[in-house]
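Here is what each chain is made of, one letter per residue.
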Amino acid sequence: MTERVAIIDYGSGNLRSAAKAFERVISEENLDIDVIVTSQAKDISQASRIVLPGQGAFGDCISGLTAKPDLYEALLISVREDKTPFLGICVGMQLLADKGFEHGAHEGLGWIAGSVRKMQPSDPTFKIPHMGWNTVEIKQSHPVLRHVKTGDHFYFVHSFMFESKHSSDILAVAEYGGEFPAIIAHDNIIGTQFHVEKSQEAGLRLIKGFLEWGR
């Protein structure tokens, strides 16, 4: 049976580039996996892997996601009950937190304990948003990171960072006037602060690991 990756369309944008990155890895690895960009609950329920991209403000993104009750409910069941492998990208990762404090306080998904707060580099000459290529340091091994190593470069665009309540949920960190989580994970859920779809070879290797996870 052909597997399916569902990339959730909840009005956040940046969907086609994410789909193309997954399609490229699937083609290069000759995998029997389909990719669909969708806002339909039934597609989420039937997916073997789920991806939540994101760009924009935390509050707008969580509102866009929860404004589709059927989609939101299907996502909760698939990820939290059925334990479908899930990848959150950039703001899609930040939404995993309990709360986000961008333009006020907003409830997050609450799937990984922590909060999202504005970056405050120790060096005031460091500009916000943090934008560009940065290396990561792997803190813990994980199946999704089997093709990724410390020193790999990934592409970041963000002004806020995930403050994890538990260090055990932090798989990798990056440095920008202070250390911040670059990859977090808990159970069947993993999130990247960087854009895997814009991170060229290293991003494709991480996608490969995600597609292999649990197979």
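Residues numbered from 1 in each chain as written. Predicted model: local features only at pLDDT ≥ 70, side-chain atom pairs only at ≥ 80, totals over all residues. Heavy atoms only, no water.

Asks: Help me understand the sheet that holds strand β11 (residues 160-164), please; the structure alone is not making it clear to me.
Replies: Pairing between the strands of a sheet comes from backbone hydrogen bonds, and it takes one of two forms, parallel or antiparallel. Taken together, four strands build an open sheet; the order of strands is β6-β5-β7-β11 and the sheet is mixed. The sheet is open, and its two borders are formed by β6 (106-107) and β11, each paired with just one other strand. (Pairing = 2+ DSSP bridges. Helix = DSSP H or I, 4+ residues; strand = E, 2+ residues; numbered from the N terminus.)

Asks: Any chance you could explain helix α1 (residues 15-28) here in plain terms?
Replies: An α-helical turn contains 3.6 residues, so a residue and the one three or four places further along point in the same direction. Its 14 residues give α1 an end-to-end C-alpha distance of 20 Å, which sits within 8% of 20 Å, the value for a rise of 1.5 Å per residue. Those residues of α1 not exposed but buried are Leu 15, Ala 18, Ala 19, Ala 21, Phe 22, Val 25 and Ile 26. Within α1, the buried residues cover an arc of 160 degrees as seen down the axis, which keeps them to one side. Exposed side of α1, more than 90 degrees from the buried face: Lys 20, Ser 27 and Glu 28 are the residues found there. In this structure, the buried residues of α1 make contact with β1 (3-8), β2 (33-38), β3 (49-52), β4 (86-89) and α6 (200-212). Asn 30 sits one or two positions beyond α1 and adopts a positive phi of about 55 degrees. (Expected span 1.5 Å × (residues − 1). Buried < 20%, exposed > 50% of the residue type's maximum accessible area, 1.4 Å probe, protein only. Arc of directions from axis to C-beta. Contact = heavy atoms within 4.5 Å.)

Asks: Explain the packing of α1 against α6 to me, please; I cannot follow it from the model alone.
Replies: How two helices sit against one another is set out by the angle between their axes and by the gap between those axes. At a minimum axis separation of 10 Å, α1 and α6 run at an interaxial angle of 70 degrees. As judged from the angle between their axes, α1 and α6 are roughly perpendicular. Residues Ala 21, Phe 22, Arg 24, Val 25 and Ile 26 of α1 pack against Leu 204, Ile 207, Lys 208, Phe 210 and Leu 211 of α6. In terms of residue class, the contact of α1 with α6 is made up of eight nonpolar, no polar and two charged. (Axes fitted to C-alpha atoms, helices over the stretch in contact; angles between N-to-C directions. Parallel < 35°, antiparallel > 145°, perpendicular 65-115°, else oblique. Nonpolar A, V, L, I, M, F, W, Y, C, P; charged D, E, K, R; others polar.)

Asks: Mind showing me how you'd approach the sheet that holds β3 here?
Replies: Judged by pairing direction, the sheet is mixed, and its eight strands sit side by side in the order β2-β1-β3-β4-β14-β13-β12-β9 without closing on themselves. In this open sheet, the two strands that pair with only one neighbour each are β2 and β9 (137-138). Both strand β13 (residues 179-186) and strand β14 (residues 189-192) contribute to a ladder of four bridges, which runs antiparallel. What sits directly across from Ile 183, in β14, is Thr 192. Strands in contact with α6 are β1, β2, β3, β4, β13 and β14; relative to β3, the strand with the most contacts, it is inclined by about 140 degrees.

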